[in-house]
Amino acid sequence: MNTEKQRWFAAAGGLLAAAYLALNNLLPSPPEFLLGLLLGLGAALMLTGLLPAEAWRKLRKRKRRGE
């Protein structure tokens, strides 16, 4: 089961990916750094939001312990 936080991550990732597509198609020559940042951050958030519940819990425990 996905938690509320996971849904937020997936939604934020989707919005960043949509912003990437919009900027890439609307602006004549957007900065490549900005496009790469949007795409990379969107993909990372999307993958984090789509993790299974057990993997999500393990990731949070590991983060809190500082490993």
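Residues numbered from 1 in each chain as written. Predicted model: local features only at pLDDT ≥ 70, side-chain atom pairs only at ≥ 80, totals over all residues. Heavy atoms only, no water.

**Some words on the overall build of the protein**
Secondary structure summary: the protein contains 3 helices and 0 strands in total. The helix and strand sequence of the protein, counted from the amino end, reads α-α-α. Taken against the 2.2 N^0.38 rule, which gives 11 Å for 67 residues, the C-alpha radius of gyration of the protein at 15 Å runs more than 25% over that of a compact globule. With respect to the three principal axes, the spread of C-alpha positions in the protein is 45 × 25 × 10 Å. Evaluated residue by residue, the protein yields a buried proportion of 22% over its 67 residues. Working note: accessible area of the protein is about 5200 Å², and carbon and sulfur atoms make up 67% of it. (Helix = DSSP H or I, 4+ residues; strand = E, 2+ residues; numbered from the N terminus. Rg over C-alpha atoms; globule rule 2.2 N^0.38 Å. Buried < 20%, exposed > 50% of the residue type's maximum accessible area, 1.4 Å probe, protein only. Areas by Shrake-Rupley, 256 points an atom, 1.4 Å probe, with all protein chains shown as cover.)

**Thoughts on the pattern of salt bridges**
For side chains of opposite charge, pairing can occur when their charged atoms come near one another. On inspection of all chains with the given rule, the structure shows 2 salt bridges. The partner of glutamate 4 in a salt bridge is arginine 7, with the nearest N and O atoms 2.9 Å apart. With glutamate 4 and arginine 7 both in helix α1 (residues 4-26) and 3 residues apart, this pair spans about one turn of that helix. Residue glutamate 4 is classed as exposed on the basis of its relative accessible area of 58%. Close ionic contact of arginine 57 with glutamate 54 constitutes a salt bridge, the shortest N to O distance being 2.9 Å. (Salt bridge = Lys/Arg side-chain N within 4 Å of Asp/Glu carboxyl O.)

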